[in-house]
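# Tertiary structure, described
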Amino acid sequence: MTPIQLEQALEVARQRRLRIGEALVATGACTDLAIAEALAKQFDLPLVDTATISIQRGVTKRLAGGWARSRTVLLVRMTSTEAHIVIADPLDLETTDQLREALGRPLVLSLAPFKALRERIDSVYRFPTRDTAKTPSPKRPMKLDPMADRIGLLRGLEGDHAA
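For the structure given in this document, a descriptive report is provided here. Given the structure is predicted, the values throughout are model-derived calculations rather than measurements. (Residues numbered from 1 in each chain as written. Predicted model: local features only at pLDDT ≥ 70, side-chain atom pairs only at ≥ 80, totals over all residues. Heavy atoms only, no water.)

Here we come to the packing of aromatic side chains. For the structure shown, the criterion picks out 1 aromatic pair. Taking the centre distance of 6.4 Å and the plane angle of 50 degrees together, the rings of Y125 and F127 count as tilted. Classification of F127 as buried rests on a relative accessible area of 11%. (Phe/Tyr/Trp six-rings, centres within 6.5 Å; stacked < 30°, edge-to-face > 60°. Buried < 20%, exposed > 50% of the residue type's maximum accessible area, 1.4 Å probe, protein only.)

And the structure:
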């Protein structure tokens, strides 16, 4: 990456209110995979290939598809003591806290590139094909009622897709 590309990405980040990694991908200075690799190294998380992830049978029914897609998280395995989750954003502490509370066990996190994880979520929950290459918005609308969000997380929202 050149200093000019970095400056362009910083300007895009300011204008669109994106994180620097999102802006680097949006401007073409870095790939989604390169950002995921850097985050995995920074946060000491395993980087997974979403095409080869084995998903425990029936486990995706534990999370509402719309909620999983909006948070870009995929529950791949549950044991009696932990929940294995693939995420794209290791800094989304609100989501990991909600998952930990809703699933009632500690999380084992793995990281995947945003676009690849979104495509896998769409496939698992059978969402219609759409443009998943768009940069995620940095701020998700806040729910006014945290209990409604937990109910949506666990049971699915009306019209939601389930695997």
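We are not done yet, so read on.
Turning to its location among the elements, T72 is positioned in the loop between helix 4 (65–71) and strand 1 (73–78). When residues no more than four places from it in sequence are discounted, the contact partners of T72 are V86, I87, A88, F114, L117, R118 and I121. (Helix = DSSP H or I, 4+ residues; strand = E, 2+ residues; numbered from the N terminus. Contact = heavy atoms within 4.5 Å.)

All right, on to the environment of V12 then. Tracing the backbone shows V12 in helix 1 (residues 3–16). For V12, a relative accessible area of 14% gives the class buried. C-alpha of V12 to C-alpha of A23: the two residues are 11 residues apart in sequence and 6.0 Å apart in space. Apart from the residues within four sequence positions on either side, V12 is in contact with R17, L18, A23 and T27.

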